[in-house]
Amino acid sequence: MELPTFHDVLRARRRIAPHLPPTPAHRYPALDALLGLECYVKHENYQPVGAFKVRGGVNLIGQLGPEERARGVIAASTGNHGQSVAYGARLFGARARIVVPEGANPGKVAAMEGMGAEVIFHGASFDEARLHCERLAAEHGHRYIHSGDEPLLIAGVATSTLELLEAHPDLDALLVPVGGGSGAAGACIVARAISPGLQVIGVGAAAAPAAHESWRHGEIRRAPNATVAEGLATGEGFAMPQAILRAHLADFVLVEDEAILRAVAWMAERAHTLAEGAGAAALAAAYRLRGRLAGKKVAIVCSGGNIAPAQLREALALAGQA
């Protein structure tokens, strides 16, 4: 594998700058009080598709040639990667097909269709949708865009960490949600280049631990995938992000679904922001690690805000619990 480099991240920033403005990193006194540290929220939920992955979609599809765009692009997704591909395809005039599991978030599906993508439902899980997507790509000659094993995607999403560290170069720790691992891998690339003392901590769902197990054992592992946080819902580790995470990730923690949903409520109450499960996972982990991180300057990545209303109601029912 040819892994992305920091120079790829710098090139990605130039490429996406005309299309995506930087997102802010805000500090909220109520979160500081909850955690006992200085906490900055990197608001990738402010992106035009409500999630960080759009950076990668714009970077990758913007570099496809006319022939590849004409053949069309295809991706498997629980929602945010699909929105990223649909957004980039519309921006650069390519046809997009997105394969999603049967129970995909309706809001994310509507967004993909609204951007002109054809949405194909298949299987009960992301992994079943992914296998069907790969069959369709081979059958029809589409450009298959894997949600993790794409250097241009990782370089694109890494621009979020580049923005963050330019604004706050003295961070002690950065907590990043991990589904496939592209966001955390990008964070590791940037941190190693410009802030080598920064601890990048991955956060996964205990109910979908494949990425964590792959990182812990040093080889791609499969595991049950039953989390309510669709952005963390992968049943198998991805080779390219894992190669980067194994080399540079400081730690990788798992959080329970109930803690994730409680963090969704905390984000609404204490940071006045809407976060989906994956977008709140870093806050759940920061709360769990608050003793270890006490008094430090920490950033958490709110990777997306595309939460289904039913799940939001469930999360708000946990409001006030600690």
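None of the values given here were measured: they were computed from a predicted structure.

Caption draft 1: Broad picture of the pattern of salt bridges. Considering all chains together, one arrives at 23 salt bridges under this definition. For the salt bridge of Asp 170 with Lys 297, the shortest nitrogen-to-oxygen distance reads 2.6 Å. Of this pair, Asp 170 sits in the loop between helix H8 (151-167) and strand S7 (173-177) while Lys 297 sits in strand S10 (residues 297-302), placing them 127 residues apart in sequence. By relative accessible area, Asp 170 is classed as partly exposed at 47%. For Arg 216, the salt bridge identified is with Glu 213, shortest N-O distance 2.9 Å.

Caption draft 2: Representation of the environment of Ala 259 within the structure. Topologically, Ala 259 is positioned in helix H12 (residues 257-270). Ala 259 gets classed as partly exposed once you look at its relative accessible area, which sits at 22%.

Caption draft 3: Representation of the layout of surface pockets within the structure. Approximately 270 Å³ is the volume attributed to the largest pocket. A per-class count over the lining of the largest pocket returns nine nonpolar, seven polar and one charged. The calculated volume of the second largest pocket comes to roughly 150 Å³. Together, Leu 3, Pro 4, Thr 5, Phe 6, Ile 189, Arg 192, Ala 193, Ala 243, Ile 244, Ala 247 and His 248 line the second largest pocket. For the lining of the second largest pocket, the secondary structure elements donating two or more residues are helix H9 (182-194) and helix H11 (239-248). Per-element accounting of the lining of the second largest pocket gives the leading share, four residues, to H11. By residue class, the composition of the lining of the second largest pocket is eight nonpolar, two polar and one charged.

Caption draft 4: Fine view of the sheet that holds strand S2 (residues 38-43). Spatially, the six strands line up as an open sheet ordered S1-S2-S10-S7-S8-S9, and their pairing is mixed. Every interior strand has two partners, whereas the edge strands, strand S1 (25-27) and strand S9 (251-255), have only one. Ignoring strand direction, the axes of neighbouring strands in this sheet form an average angle of 25°. Looking at chain direction, S2 and S10 are connected through six bridges and run parallel. By the bridge assignment for S10, Glu 38 is matched with Lys 297. The sheet contacts of H8 involve S1, S2, S7 and S10, and relative to S2 the element is tilted by about 140°.

Caption draft 5: Inspection of the sheet that holds strand S6 (residues 143-144) at higher detail. Spatial ordering of the open sheet is given by S5-S4-S3-S6, a layout of four strands whose pairing is parallel. Across the chains shown, the open sheet's two edge strands, defined by having one partner strand only, are strand S5 (118-121) and S6. With four bridges connecting them, strand S4 (residues 96-100) and S5 associate as parallel partners. Pairing of Ile 98 across the sheet is with Val 119, part of S5.

Caption draft 6: Expanded view of helix H1 (residues 6-16). Along H1, the residues that are buried comprise Val 9, Ala 12 and Ile 16. Considered in projection along H1, the buried side chains sweep an arc of 60° and stay on one side of the axis. Exposed positions of H1 whose direction lies more than 90 degrees from the buried face are His 7 and Arg 14.

Caption draft 7: View of the side chain of Glu 163. With respect to the element layout, Glu 163 can be found in helix H8. Residue classification places Glu 163 among the buried residues on the basis of a relative accessible area of 16%. The residues contacting Glu 163, other than those within four sequence positions of it, are Pro 22, Thr 23, Lys 42 and Arg 55.

Caption draft 8: Representation of the pairing of strand S3 (residues 73-76) in the model. By the alternation rule, side chains of S3 split into Val 73 and Ala 75 and Ile 74 and Ala 76, which are all buried. Pairing of S3 with S4, which is carried by four bridges, proceeds in the parallel orientation. Following the sheet pairing, Ala 76 is matched in S4 by Val 99. This β-α-β element, S3 to helix H5 (residues 80-92) to S4, shows right-handed connectivity. Sheet topology places S3 next to S6; two bridges connect them, and they run parallel. By the bridge assignment, Val 73 is partnered in S6 with Arg 143.

About the cut-offs
Residues numbered from 1 in each chain as written. Predicted model: local features only at pLDDT ≥ 70, side-chain atom pairs only at ≥ 80, totals over all residues. Heavy atoms only, no water. Salt bridge = Lys/Arg side-chain N within 4 Å of Asp/Glu carboxyl O. Helix = DSSP H or I, 4+ residues; strand = E, 2+ residues; numbered from the N terminus. Buried < 20%, exposed > 50% of the residue type's maximum accessible area, 1.4 Å probe, protein only. 1 Å grid on protein atoms, 1.4 Å probe; cavity = no way out; pocket = protein on both sides within 12 Å on 5 of 7 lines; lining within 4 Å. Points joined across faces, edges and corners; volume = space filled by probe spheres on them. Nonpolar A, V, L, I, M, F, W, Y, C, P; charged D, E, K, R; others polar. Pairing = 2+ DSSP bridges. Axes fitted to C-alpha atoms, helices over the stretch in contact; angles between N-to-C directions. Contact = heavy atoms within 4.5 Å. Arc of directions from axis to C-beta. Right-handed = clockwise from strand over helix to strand, strands pointing away.

Keep in mind that these numbers describe shape and distance, not what the molecule does.
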